[in-house]
Amino acid sequence: MMQRFQPILLALTLLSWLMVPSASSAQQVARGAADGEPLHVVVFGDSLIAGYGVGPGEAFPEQLQVALRDRGYGVEVTNAGASGDTSSGGLARLDWSVPTEADLVIVELGANDALRGISPEITEKNLDQILQTLTERGQAVILAGMIAPPNMGPDYSAAFNPIYAGLAEKYDVALYPFFLDGVATQPKLNQDDAMHPNKEGVAVIVEKMLPLVTETLDSVNAGRVAGRNSPPDAAGAR
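Nothing here was measured: the structure is a model prediction, and the numbers come from that model.

Trainee: Residues and numbers for the overall build of the protein chain, please.
Mentor: Tallying secondary structure elements over the protein chain gives 11 helices and five strands in all. With 238 residues in all, the protein chain has 43% of them scored as buried. By sequence separation, contacts in the protein chain at least 24 residues apart represent 76% of the contacts at least 6 residues apart. Summed over all atoms, the accessible surface of the protein chain reaches about 12600 Å², with 57% contributed by carbon and sulfur.

Trainee: Residues and numbers for the nonpolar core, please.
Mentor: A general feature of soluble globular proteins is that nonpolar side chains tend to end up buried together. Grouped together as the largest cluster of nonpolar side chains are 59 residues, with contacts concentrated most on Phe60, Leu64 and Phe179. Element by element, the count of residues in this core is highest for helix H10 (residues 199-229), at nine residues. Not counting chain neighbours up to four residues away, the residues in contact with Phe179 comprise Leu48, Ile49, Phe60, Glu108, Ala144, Gly145, Met146, Ile205 and Met209.

Trainee: Explain the packing of aromatic side chains residue by residue, including any values.
Mentor: Under the defined criterion, the tally for this structure stands at three aromatic pairs. When the centroid spacing of 5.2 Å and the interplanar angle of 70 degrees are considered together, the rings of Phe60 and Phe179 count as edge-to-face. A residue pair is termed long-range when its members are at least 10 positions apart, and Phe60 in helix H4 (residues 60-70) and Phe179 in the loop between strand S5 (174-176) and H10 qualify at 119 residues. When its relative accessible area of 1% is taken as the criterion, Phe179 is described as buried. Ring plane angle 70 degrees and centroid distance 5.9 Å describe the contact between Phe160 and Tyr164, whose orientation is recorded as edge-to-face. For Phe160, a relative accessible area of 0% corresponds to the buried category. By relative accessible area, Tyr164 is classed as buried at 1%. Among the aromatic side chains, those forming a connected cluster through ring pairs are Tyr156, Phe160 and Tyr164.

Trainee: Describe the packing of helix H5 (residues 87-97) against helix H7 (residues 120-137), naming the residues involved and giving the relevant values.
Mentor: As a packed pair, H5 and H7 sit with axes 8 Å apart at the nearest point and diverge in direction by 25 degrees. In terms of their interaxial angle, H5 and H7 are classed as roughly parallel. Of the two possible hands of crossing, H5 and H7 adopt the one that is left-handed. Residues Ser87, Ser88, Gly90, Leu91, Leu94 and Asp95 of H5 lie in contact with H7, whose contacting residues are Ile122, Thr123, Asn126, Leu127, Gln129, Ile130, Thr133, Leu134 and Arg137. Residues belonging to the contact of H5 with H7 are distributed by class as follows: six nonpolar, seven polar and two charged.

Trainee: Tell me about unusual backbone geometry, and name the residues and values.
Mentor: The general pattern is negative phi for most residues beyond glycine and trans for most peptide bonds. Phi is positive for Asp172, close to 55 degrees, though the residue is something other than glycine. Among the secondary structure elements, Asp172 is positioned in the loop between helix H9 (163-171) and S5. One non-glycine residue, Ala194, adopts positive backbone phi at about 65 degrees. If you trace the backbone, Ala194 turns up in the loop between S5 and H10.

Trainee: Tell me what's going on with the pattern of salt bridges, and back it up with residues and numbers.
Mentor: Under the defined criterion, the tally for this structure stands at seven salt bridges. In this structure, the salt-bridge partner of Asp181 is Lys208, at a minimum N-O distance of 3.9 Å. Of the two residues, Asp181 is situated in the loop between S5 and H10 and Lys208 in helix H10; the sequence distance between them amounts to 27 residues. Taking relative accessible area as the criterion, Asp181 reaches 36% and is therefore assigned partly exposed.

Trainee: Run through the confidence of the model for the protein chain, naming residues and quoting values.
Mentor: Do not read the predicted coordinates in detail wherever pLDDT is low. When the pLDDT values of the protein chain are averaged, the result is 87; 80% of them are 70 or greater. Segment residues 1-30 is flagged for pLDDT under 50; beyond a separation of four residues in sequence, or across chains, it makes five contacts in the model.

Trainee: Which residues make up the side chain of Ser157, and what values go with them?
Mentor: Among the secondary structure elements, Ser157 is positioned in helix H8 (residues 154-160). For Ser157, a relative accessible area of 14% corresponds to the buried category. In contact with Ser157, other than residues within four places in its own chain, are Ala148, Pro149 and Pro162.

Trainee: Any details on the side chain of Asn198? Residues and values, ideally.
Mentor: Within the fold, Asn198 resides in the loop between S5 and H10. The exposure class assigned to Asn198 is buried, which follows from its relative accessible area of 15%. Discounting residues that sit within four places of it in the chain, Asn198 has contacts with Val54, Lys188, Leu189, Asn190 and Gln191.

The rules behind the values
- Residues numbered from 1 in each chain as written.
- Predicted model: local features only at pLDDT ≥ 70, side-chain atom pairs only at ≥ 80, totals over all residues.
- Heavy atoms only, no water.
- Helix = DSSP H or I, 4+ residues; strand = E, 2+ residues; numbered from the N terminus.
- Buried < 20%, exposed > 50% of the residue type's maximum accessible area, 1.4 Å probe, protein only.
- Contact = heavy atoms within 4.5 Å.
- Areas by Shrake-Rupley, 256 points an atom, 1.4 Å probe, with all protein chains shown as cover.
- Core = buried A, V, L, I, M, F, W, Y, C linked by side-chain atoms within 4.5 Å.
- Phe/Tyr/Trp six-rings, centres within 6.5 Å; stacked < 30°, edge-to-face > 60°.
- Axes fitted to C-alpha atoms, helices over the stretch in contact; angles between N-to-C directions.
- Parallel < 35°, antiparallel > 145°, perpendicular 65-115°, else oblique.
- Left-handed = near helix turned anticlockwise from the far one by under 90°.
- Nonpolar A, V, L, I, M, F, W, Y, C, P; charged D, E, K, R; others polar.
- Salt bridge = Lys/Arg side-chain N within 4 Å of Asp/Glu carboxyl O.
- pLDDT = per-residue confidence, 0-100.

Take a look at the structure:
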């Protein structure tokens, strides 16, 4: 009788092994959503974020979400880009564009300021207030830097370009020095206006930013785990 059931027992044993997630898969799920809730990422910026000139699903936030999910991160990435936005426009709409519940905010603003020759002092002041608001909320931030176009002249560049590193240090937030790194001045990666990346250009930006984004999300997720495992009084003290 026992011999008759041995093939069935063997099949059930093999099936049980298949049903157990691998260590790597479990780790990916854990780092993506430690408490069962997806991490919420908001990408806050101008036309470079909004997806000017590219098709549905091809903008930076959408491609970033796909790349993160492919790597096992449980995330929802929101596109909070507005074409034509300056740093002033971004500051004006910050409260209704970026919910307080967002775990990570990627800030990309300033390109239009430089194109329009807006005083770097104004740009710095606006970005300062944006970062102050987000950090006071307790949200993780990645600040994406921008570089002034050469035609603005060396004096303008000298005042504008250091803004991002200075503010990232002031507020102790992650800095991605130049959002268009690897894409600017590359015709095959840009649209006909030579300013906005095409689908392939956006993919390059996503790939280059991904290590910093995943590192930041891992830190956010670790904070979730620590908060969940802390006694109520200790968690409240934070």
